[in-house]
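These are the residues of each chain, in order.
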Amino acid sequence: MPTLPTANRPVSRRRRETRARLLSAAGDVFAERGFHGASVEDICERAGFTRGAFYSNFVSKDELVLELSARHTAQVVARIRDAADRPSAEPDDVVREVIASLVDDTPSHERWLGLTTELNLHALRDPEARTAWAREQRRIRAALVEAVDQAVARRGAALALPTELFVRAALALVSGAVTQRQLEPGSLAAGELESAVLTVLLRPAP
């Protein structure tokens, strides 16, 4: 079984379109068959490329997943920063957008969280994968901590606990709530539990 790599390879401009198509195809195939159920051949067939095209861009499925993770995190961070940059945004508006960005109850986000559950199990069973996936989780948290700190500070809001703990709590809460909704459809409205708890953790500055 391949393991998560410890370093990313440089990406040339001419490979970006190929990589983007492979990443898009992988997201669809992973959603249908799961991380372990999806083969490199499946991804290549969906993207319209050969195995050679895949391996000229990624060492393994694991490296491809790290790239998907980085792109997903970048989208969440950008949404938080966009909210803080809006001149007319009030502190409450930014707080709500921070919560919405972390919760993000769209099907694509819930699909991603399902994949990360598989990756967590993969990492727990493979020491090398655990090292690389843990490194990626630290990178994700650091990016979110920076974005949340900047957003709330610029608009006069404050957290009820250290930002690192808030981000950890938010990620754990969202993952758990999505799992509950998937196992028990209709038991929770999309974003209901997450928004209720995160609203308590975020409060206006005195």
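Nothing here was measured: the structure is a model prediction, and the numbers come from that model.

Here is what the cut-offs are and how they apply
- Residues numbered from 1 in each chain as written.
- Predicted model: local features only at pLDDT ≥ 70, side-chain atom pairs only at ≥ 80, totals over all residues.
- Heavy atoms only, no water.
- Helix = DSSP H or I, 4+ residues; strand = E, 2+ residues; numbered from the N terminus.
- Buried < 20%, exposed > 50% of the residue type's maximum accessible area, 1.4 Å probe, protein only.
- Contact = heavy atoms within 4.5 Å.
- Areas by Shrake-Rupley, 256 points an atom, 1.4 Å probe, with all protein chains shown as cover.
- Axes fitted to C-alpha atoms, helices over the stretch in contact; angles between N-to-C directions.
- Parallel < 35°, antiparallel > 145°, perpendicular 65-115°, else oblique.
- Nonpolar A, V, L, I, M, F, W, Y, C, P; charged D, E, K, R; others polar.
- Phe/Tyr/Trp six-rings, centres within 6.5 Å; stacked < 30°, edge-to-face > 60°.
- Lys NZ or Arg CZ within 6 Å of the ring centre and 35° of its normal.
- pLDDT = per-residue confidence, 0-100.
- Core = buried A, V, L, I, M, F, W, Y, C linked by side-chain atoms within 4.5 Å.
- Expected span 1.5 Å × (residues − 1).

1. Re the overall build of the protein chain
- Each helix and strand counted, the protein chain has 9 helices and 2 strands in total.
- Mapped from its N terminus to its C terminus, the protein chain presents α and β elements in the order α-α-α-α-α-α-α-β-α-α-β.
- Split into buried and exposed, the 206 residues of the protein chain put 44% on the buried side.
- Contacts in the protein chain between residues at least 24 apart in sequence constitute 69% of all its contacts with a sequence separation of at least 6.
- Carbon and sulfur atoms provide 54% of the accessible area of the protein chain, an area that totals close to 10,800 Å².

2. Regarding the packing of helix 6 (residues 107-125) against helix 7 (residues 127-154)
- At a minimum axis separation of 5 Å, helix 6 and helix 7 run at an interaxial angle of 130°. Considered as vectors, helix 6 and helix 7 are oriented oblique to each other. Contact with helix 6, carried on its side by T116, L119, N120, H122, A123, L124 and R125, involves P127, A129, R130 and W133 of helix 7 and no other residues of that element.
- Class assignment for the residues of the contact of helix 6 with helix 7 results in 6 nonpolar, 3 polar and 2 charged.

3. Concerning the packing of aromatic side chains
- Evaluated as defined, the whole model comprises 3 aromatic pairs.
- Ring centres 5.8 Å apart and planes at 45° place the aromatic pair F54 and F58 in the tilted group. By the burial criterion, F54 is buried, and F58 matches it.
- An aromatic cluster of at least three residues, connected via ring pairs, comprises F54, Y55 and F58.
- A cation over a ring is seen here: K61 above F35, with NZ or CZ 4.5 Å from the ring centre.

4. As for the confidence of the model for the protein chain
- Per-residue pLDDT for the protein chain has a mean of 80; in total, 85% of the residues score no lower than 70.
- When mean pLDDT is compared element by element in the protein chain, helix 2 (residues 40-47) scores highest at 94, while strand 2 (residues 202-204) scores lowest at 57.
- Under a pLDDT of 50 for its full length, residues 1-7 has, in the predicted model, 23 contacts with residues more than four places off or in other chains.

5. Things to note about the nonpolar core
- Of all hydrophobic cores here, the largest spans 23 residues; its most connected members are F30, I43, F54, L64 and V65.
- Secondary structure elements with two or more residues in this core: helix 1 (16-33), helix 2, helix 4 (61-85) and helix 6.
- Once residues within four sequence positions are removed from consideration, L64 is found in contact with L22, L23, A26, F30, F54 and F58.
- In terms of nonpolar packing, the next biggest core, distinct from the first, is built from 22 residues, A147, A151, L159 and L173 among them.

6. Structural notes on helix 6
- Over its 19 residues, helix 6 extends 28 Å from the first C-alpha to the last, a length consistent with the 27 Å expected when each residue adds 1.5 Å.
- Within the sequence span of helix 6, burial applies to H109, E110, W112, L113, L115, T116, L119, H122 and A123.

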